[in-house]
Amino acid sequence: MKAIRRFTVRPVLPDTLRPLAELAHNLRWSWHEPTRALFASLDPEGRTGADPVRILGALEAPRLVALAADPDFLARLTAAAEDLDTYLHAPRWYQQATGHAAEPPAALAYFSPEFGVAAALPQYSGGLGILAGDHLKSASDLGVPLIGVGLLYRHGYFRQSLGRDGWQQEHYPVLDPGELPVTLLREADGAPARITLDLPGGRSLHAHIWIAQVGRVPLLMLDSDVEENAPGERSVTDRLYGGGSEHRLLQEMLLGIGGVRAVRTYTRLTGTPDPEVFHTNEGHAGLLGLERIRELQEEGLDFDSALETVRAGTVFTTHTPVPAGIDRFDRSLVARHLGEDGALPGVDTGRVLALGDETPLGGEPGVFNMAAMGLRLAQRANGVSTLHGAVSRAMFAGLWPGFDTEEVPITSITNGVHAPTWVAPEAARLDRDVTDRELWEVRRTLRERLVTDVRERLRASWRQRGAAAAELGWTDTVLDPDVLTIGFARRVPSYKRLTLMLRDKDRLRALLLHPERPVQLVVAGKAHPADDGGKRLVQELVRFADDPRVRHRIVFLPDYGMEMARDLYPGCDVWLNNPLRPLEACGTSGMKAALNGCLNLSVLDGWWDEWFEPEFGWAIPTADGAAAADEERRDDLEAAALYELIERRVAPRFYDRGPDGVPAGWTAMVRRTLADLGPKVLADRMVREYVERLYVPAAAARRALTPARARELAAWKSRVREAWPKVSVDHVEVGDGLADELEHAELGATPVVRVRVALGALGPDDVEVQAVTGRVDSDDTLADTRTVSLKPAGRPDLEGRQPYAGTLELDRTGSFGCTVRVLPAHPLLAHPAEPGLVALPEETTGEGAGVLLR
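Since this is a predicted model, take the numbers as computed values, not measurements.

1. Topic: the pairing of strand S26 (residues 816–824)
1) Next: Here S26 lies mainly inside the structure; seven of its nine residues are buried.
2) Next: In terms of strand pairing, strand S23 (residues 767–776) meets S26 through nine bridges, oriented antiparallel. Bridged to valine 772 within S26 is threonine 819.

2. Here we look at unusual backbone geometry
1) Next: Omega for the bond connecting arginine 581 with proline 582 falls within 30 degrees of zero, at 5°, which places this linkage in the cis form.
2) Next: Positive phi outside glycine occurs at aspartate 559, with the angle close to 65°.
3) Next: Within the secondary structure, aspartate 559 sits in the loop between strand S17 (554–557) and helix H21 (562–571).
4) Next: Positive phi is not limited to glycine here, since aspartate 784 has a value of about 50°.
5) Next: Structurally, aspartate 784 can be placed in strand S24 (residues 782–792).

3. Remarks on helix H25 (residues 631–655)
1) Next: The terminal C-alpha atoms of H25 lie 34 Å apart, and with 25 residues this matches the ideal 36 Å at 1.5 Å per residue to within 8%.
2) Next: Approximately 40° is the largest bend angle found in H25, and it occurs at isoleucine 646.
3) Next: Here H25 starts with a cap whose side-chain oxygen sits 3.2 Å from the backbone nitrogen of glutamate 632, and that cap is aspartate 630.

4. With respect to the pairing of strand S19 (residues 599–603)
Looking along a regular strand, one sees the side chains alternate between the two faces of the sheet.
1) Next: In terms of burial, S19 is largely enclosed, as five of its five residues are buried.
2) Next: For strand S18 (residues 574–577) and S19, the ladder comprises four bridges, and the chain directions are parallel. Across the sheet, residue valine 574 finds its bridge partner in S19, namely leucine 599.
3) Next: For the handedness criterion, the β-α-β arrangement of S18, helix H22 (residues 589–594) and S19 is classed as right-handed.

5. Some words on the sheet that holds S24
1) Next: Pairing in this open sheet of six strands is antiparallel, and the strands run S21-S22-S25-S24-S23-S26 from one edge to the other. Sheet topology places strand S21 (728–734) and S26 at the edges, where each strand pairs with a single neighbour. Averaged over neighbouring strand pairs, the angle between their axes works out to 30° when direction is ignored.

6. Some points on the pattern of salt bridges
1) Next: Tallied over the entire structure, the rule returns 62 salt bridges.
2) Next: A salt bridge links arginine 443 to aspartate 573, with the shortest nitrogen-to-oxygen separation between them at 3.8 Å. Here the residue arginine 443 occupies a position in helix H18 (residues 436–464), and aspartate 573 occupies one in the loop between H21 and S18, the gap between them amounting to 130 residues. Across the pair, exposure class does not vary: arginine 443 and aspartate 573 are buried alike.
3) Next: Across the pair aspartate 636 and arginine 503 runs a salt bridge whose closest N-O atoms are separated by 2.8 Å. Here arginine 503 lies in the loop between strand S15 (484–489) and helix H19 (505–512) and aspartate 636 lies in helix H25, a separation of 133 residues in the sequence.
4) Next: Overall, the relative accessible area of 31% leaves arginine 503 in the partly exposed class.
5) Next: Salt bridges here are not isolated pairs; linked through shared partners, they connect Arg154, Asp223, Asp225 and Arg234.

7. A look at the state of the cysteines
1) Next: Per the stated rule, a full pass over the model turns up zero disulfides.
2) Next: Distance from the sulfur of cysteine 586, which forms no disulfide, to the nearest cysteine sulfur (cysteine 598) is 16 Å.
3) Next: Note on cysteine 598: no disulfide assigned, nearest cysteine sulfur contributed by cysteine 572 at a separation of 5.6 Å.
4) Next: Assessed through its relative accessible area of 0%, cysteine 598 is described here as buried.

Conventions and cut-offs
- Residues numbered from 1 in each chain as written.
- Predicted model: local features only at pLDDT ≥ 70, side-chain atom pairs only at ≥ 80, totals over all residues.
- Heavy atoms only, no water.
- Buried < 20%, exposed > 50% of the residue type's maximum accessible area, 1.4 Å probe, protein only.
- Helix = DSSP H or I, 4+ residues; strand = E, 2+ residues; numbered from the N terminus.
- Pairing = 2+ DSSP bridges.
- Expected span 1.5 Å × (residues − 1).
- Bend = angle between axes of the 7 residues up to and from the residue.
- Polar contact = N/O pair within 3.5 Å; in protein donor to acceptor, adjacent residues only side chain to side chain.
- Right-handed = clockwise from strand over helix to strand, strands pointing away.
- Axes fitted to C-alpha atoms, helices over the stretch in contact; angles between N-to-C directions.
- Salt bridge = Lys/Arg side-chain N within 4 Å of Asp/Glu carboxyl O.
- Disulfide = S-S within 2.5 Å.

Below, the structure is given as structure tokens:
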């Protein structure tokens, strides 16, 4: 028989043990080693996993009585409880930092479709969620007053196993909130707090709000599995990234619109300040901006003024390097769910649909693009590595036509990882004075632990695949703690190229079985349940690893997740990453490995393109030109380069031992990785950058937009857009007008630029006139540009054209070029390209100056 209802019976803790409950329900234990050790001592056989809530739930009354009388345990408990109290309440970096450009925000909200905080809270599928979890943890460590917002998926993401033939199998275990480290947000009378969204046809979507306490940061998780909902609505939060288009839209409505309502409920009940800044982690949560527009309209603002107010206080982070990775919905579906009969009555549906219009990006007119909407609703946006920022500017340049790609207002903040979560305790204890031998011994200890873990996981996997215990004796000798170990673990979309290593199977076997310098590979990863192509890649890898000739040197571990990763990253000597460049937005797994002294072997993509140095690892050459256009030839070339690097450079350095048995060259690279690369890849660095470069300026911009200023800014933008077709650059002179002055220009010359500009109904205060200079190529295209503001130089002429002038500085030799442009100017604009308007000389545009570009 099967239960029709699950519930959790919790033990009654004696007063002296009461602090255990708070320690278990604050996820700080997941990165605080003393607290983890405290709970591990309650479950020495590890029967309930590293999950304090489950550990407490399994304690029997006699054991509780014994613990309550154990002075040593009570002393450790008191120390852990006092440490947590200090952590939660003492001022930290955010409270102590000085030198901010403006007063930092009193509270911020961070929305994400997934959060990877701990394996005990399985609400993540891959890098996006792990990044979001690390963002919350580092915000907590730094004292940043963040409120996380997500969904509570009752089945989480799928659990992965393998069939006998190596085909991926998916399982969706039911998650009972009573067994998770979460608490239900309640009203003052004890009733569960609830938010509601109206749906078409008179339906409603209700959700409860669960709180996962991540150190100092509350993570609000909306749950639609409540009795008030009809069956269809009750299943909205069933699975992460599950269901069809309408199901996904309902999830994103609940996350964005419902998430804002959940934040308002939480701040009302707890007295927490309302967020001044809203951070949208990818487009899934972008509808939060529409709910905030609705709120402001209820307070008396019109749509345009509300839009300006929302934009000022919004940060949008894109993680997507390709258009195919963006959520897109049919416009009619969006209109039906967000219109007068839907979740946002009173908000102009036509204006909403315009925010998601993807036609400027070369998209389809009938599609609503969540990333386009996210960018239009945010005054500040960023990619997640320097290279990804450049890719994003090119990908979304259509939203700012007339501007060079490098001027598109999308910056970059390179991701980081939360060191206390991902660094093994042995690696964390290393200091700069450690000897080569001590460093090498720590690396071997971590490798040996990985080997033990791999053998246990491999045996469990084979039992799931139907093997009998008598068949599995060979697993006792899988991997060797003294062999060079390469790790590869990530999701399995095609661009990450899980099977590039199999391109020449004979050559790979030769590397694995080399008599003097063998290599061993630990591979893990999940393909999306709907991605049969990805599943075939997994199967191909598994079948190769099943070969008795090499199965002691290469393993595929199913069900890759946070607990597996905690041993995998520290235990590997080399971390492999071979995506198609530039499709890896950042790729943080290599960062986690680096923090443990693991060297990277990677294509120059994401963060590795930014920070690679030969002292930290190796760069896999990538094909370009005609070779890159031919996928088969490209993969052949890059696989051959990978084999060559391992055979001739990586393995020889690992096995080049001195008289003491220590590879000095290798340990030197480990030392440089820990000392020089380690500080760069930290999430603390990342969150500080978000605070200083995006959150503080966004809060200042939001405060500046009082209702009156918001109306003024919206009216100004409307006036400028209406007048812009009459703006033109009519006459440009550089120098004294004599050709030979510029033909014989010398370094250090300062020619004067004079221009006449027609402003139509606008005045000089509405615009900025710029001279743009830079190097030119054979097509007269400017590169490496600089701008010089030109100033009004007298009264308008008889035709009403305003003269401007300024001085250029010819401080670079070589081919040089110049043009002039007119941009809207207002003190509340965050970036000159923000309105998307520019006027250029007619000979530059070929279409007449003063064209309305957006």
